[in-house]
Every structure is written in C-alpha cells, then in structure tokens.
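# Report on the structure
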Amino acid sequence: MQNHKMRDGKTIPPIGLGTYGMDDTSAELLVSEAIRRGYRLIDTAKNYENESGVGKGVLRSGVDREEIFVISKIPGRDHGYEEAKASIRSSLERMGLDYLDMVLIHWPNPSQGKFVDTWRGLMAARDEGLVKSIGVSNFLPEHIDQLVEETGEYPAANEIELNPYYQQESLHQYNDDHAILTISWAPLGNHTDLLGHSVIAKIAEEVQKTPAQVILRWHVQSQLLPIPRTLKEERLEENFAVFSWELSDEQMKEINLLHAGISGFNFDPATHEEM
C-alpha cells in the first residue's frame, strides 16, 4: 500500500474503515479488529455517536497510536470559531485521545453562514496541537473558494459521496486541480444496486474477486481514498485486500461508464442542513 500525500505535507493511508451506523460497542470491537487486520485509517464523526467506542477500539488494538490515522467531524450545531474548538476538545475527551489526525467540517450548512468561522476554528485547533490536518466534507467548489478567499487556506481533503454510479466528476476534478485529496464515503454505492450490477459481476468473475473488491479497486486506481463501512468482521479482510492486483484499463473504462448521477442519499450540499 502506498499512502497518499496531502497538500499540507502529511500522509494518509489509502483505505479506511467507515464507522457510520455503529454504536459504541460494535465500534470498539470492529475498530480494534480492523486495526489488527492492517487498517490504519478510522473515520468517525461526532454525529455518529460512537466516538467513545472508536477511541477504545484504537487504544485496545495493540498498535501504537502514532501509526493510526483517526478522522472525526464537526457537526452543524458546533459551527463557529469557539464552538468548533470546543467540539474538537469534547471529541478528544470522549475518545480518550490526545490529538486527532484530521478534523473535517461535516457539512457546509450554507444558510447558517458560519462555515468560514468554523474553518478558522479548525486552523486554531491545529495551531494548538489538537489536530494535525484539517479538511472538509460535502463541500462544493464555491464553499471551498470562499474558505480560501477569506482565510487563504485550502483544505487538505474533501470527503464526499462518490462511487461508480455517482462519480461527481466536476467536484473530483476541482479537488484534483487544487491538490485536495478526495475521500469517498459510501464508496460501495450504499442504498443503490451497484454491488449487483452486471458489469461489476462480470469484471469480478474475470479477476476472481468479489464485487466489493472490484469497486474498491476502482477507487484506488482512480486516486480516491475509499472508506467502506461494514458491521461484519468477515468483510474487513475482503475490503482491505485490494492492493496486490489491478484492474485493466478496459475494465476501468467499463466501470467509468456506469456513471448515472445516482446518489444513494440525495443530500444536496447547497441546501442540506445538518444539526
């Protein structure tokens, strides 16, 4: 596996474990097991209500904290300069950690008009040593442009819904053009029939892999960072085993042609408001 290097000079593992939908008990178990199986990136959020379990899983894994990259996110109700810093401190307290490797603004909540102040709060928290890298999630180009115009700093990453059905080409290209790493949430097309698509099934048979592995390998070869989530231990190893083989150029093209603009969630960052 080759880590991604972000625009702030930090590195981040090329695949991670998403924890949305886990409670504290399952998060502690699955996070610790994932780390033992080789995962080094864990993605959570205050609104997932499992930060305590994630932190316990990290600490009980037996792997040095410095080797594990932990991401969490600022919810909408914590937008604002002081509020964002306080939110990060409360996340660290729940997780039992001294620092976070990355904090993201979960959604821009544009009608609140506070995401720039929130970004300044993340910058200050980084200066205080509470977090090493800062980024955004579900931000459109106009939101990032405003961050840069008012603070002079681009995010290191933008975590967005992205999969072969919903490739978000223009947003992905914007991120690439500005050296912003694109992290894919719902990389397997949650709430769609992507895993059962005939093209994915055909390619899976050709390469003797599972449909999920084919889709995750597409992310990796597309220079995306997928964070698949699972509640089943047996899936952890399957999702992680996507680095010792490749899809052909033709297979990549076939998957690229699956783009249909189909979101599994239909959240529009221009209007969506997260609490």
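The following paragraphs examine the structure supplied in this document. What you see is a predicted model; the values in this text were computed from it and never measured.

Moving on: the pattern of salt bridges. Applying the stated criterion across every chain, the model contains 19 salt bridges. Salt bridges sharing common partners tie together Glu33, Arg36, Arg37 and Glu237.

A few words on the sheet that holds strand 3 (residues 17-18). Spatial ordering of the open sheet is given by 3-4-5-6-7-8-9-10, a layout of 8 strands whose pairing is parallel. Every other strand in the sheet has two partners, leaving strand 3 and strand 10 (225-226) as the edge strands with one partner each. As defined by bridge partners, strand 4 (residues 41-43) adjoins strand 5 (residues 69-74) across 3 bridges and the pair is classed as parallel. Across the sheet, residue Asp43 finds its bridge partner in strand 5, namely Ile71.

Three or four residues apart is the spacing at which side chains of an α-helix point the same way, because the helix has 3.6 residues per turn. Of all the residues in helix 5 (residues 141-151), the buried ones are His143, Ile144, Leu147 and Val148. Axial view of helix 5: buried residues confined to an arc of 135°, hence all on one face. Packed against the buried residues of helix 5 are helix 4 (115-127), strand 7 (131-137), strand 8 (157-161) and helix 6 (169-177). Once helix 5 finishes, Gly152 follows within two positions and takes phi at roughly 80°, a positive value.

A word on the packing of aromatic side chains. Counted by the stated rule, this structure contains 7 aromatic pairs. Ring geometry for Trp107 and Phe267: centres 5.7 Å apart, planes at 85°, overall edge-to-face. A residue pair is termed long-range when its members are at least 10 positions apart, and Trp107 in the loop between strand 6 (100-105) and helix 4 and Phe267 in the segment after helix 10 (249-256) qualify at 160 residues. Relative accessible area serves as the criterion here: at 6%, Trp107 is assigned to the buried category. The class of Phe267 is partly exposed, set by a relative accessible area of 38%. A centroid spacing of 5.0 Å and a plane angle of 65° characterise the contact between Trp185 and Phe265, whose relative ring orientation is edge-to-face. Taken together, the residues Trp185 in strand 9 (residues 181-185) and Phe265 in the segment after helix 10 connect sequence positions 80 residues apart. We classify Phe265 as partly exposed; its relative accessible area is 22%. Over the aromatic face of Tyr99 sits the side chain of Arg65, whose NZ or CZ is 4.2 Å from the ring centroid.

Of all 5 residues making up strand 8, 5 are buried, and the element is well covered by its neighbours. Neither face of strand 8 is exposed, since Ala157, Glu159 and Glu161 on one face and Asn158 and Ile160 on the opposite face are all buried. Bridge count for strand 7 against strand 8 is 2 bridges, and the pairing is parallel. Bridging from a neighbouring strand, Val136 pairs with Asn158 of strand 8. Of the crossover connections in this fold, the one passing from strand 7 over helix 5 to the parallel strand 8 is right-handed. As paired strands, strand 8 and strand 9 are joined by 5 bridges and run parallel to one another. Residue Ala157 lies in a different strand from strand 9, and its bridge partner there is Leu181. In this fold, strand 8 hands off to helix 6, which returns the chain to strand 9; that crossover is right-handed.

Here we take up the nonpolar core. Core analysis: the biggest nonpolar cluster contains 66 residues, and Ile88, Leu122 and Leu247 have the highest contact counts within it. Apart from residues lying up to four places away in sequence, Ile88 is in contact with Ile74, Leu100, Val103, Leu122, Ala125 and Leu130. Within the second largest apolar cluster, 16 residues are counted, among which are Ile71, Ala157, Leu181 and Ala186.

A few words now on helix 6. Looking only at helix 6, the buried set comprises Leu171, His172, Tyr174 and Asn175. For helix 6, the angular spread of the buried residues around the axis is 155°, confining them to a single face. Exposed residues lying more than 90 degrees from the buried face of helix 6 are Ser170 and Asp177. In the core, the buried residues of helix 6 are packed alongside helix 5, strand 8 and strand 9. Taken from the residues just after helix 6, Ala179 is the one with a positive phi, measuring 55°.

Scoring rules and cut-offs
- Residues numbered from 1 in each chain as written.
- Predicted model: local features only at pLDDT ≥ 70, side-chain atom pairs only at ≥ 80, totals over all residues.
- Heavy atoms only, no water.
- Salt bridge = Lys/Arg side-chain N within 4 Å of Asp/Glu carboxyl O.
- Pairing = 2+ DSSP bridges.
- Helix = DSSP H or I, 4+ residues; strand = E, 2+ residues; numbered from the N terminus.
- Buried < 20%, exposed > 50% of the residue type's maximum accessible area, 1.4 Å probe, protein only.
- Arc of directions from axis to C-beta.
- Contact = heavy atoms within 4.5 Å.
- Phe/Tyr/Trp six-rings, centres within 6.5 Å; stacked < 30°, edge-to-face > 60°.
- Lys NZ or Arg CZ within 6 Å of the ring centre and 35° of its normal.
- Right-handed = clockwise from strand over helix to strand, strands pointing away.
- Core = buried A, V, L, I, M, F, W, Y, C linked by side-chain atoms within 4.5 Å.

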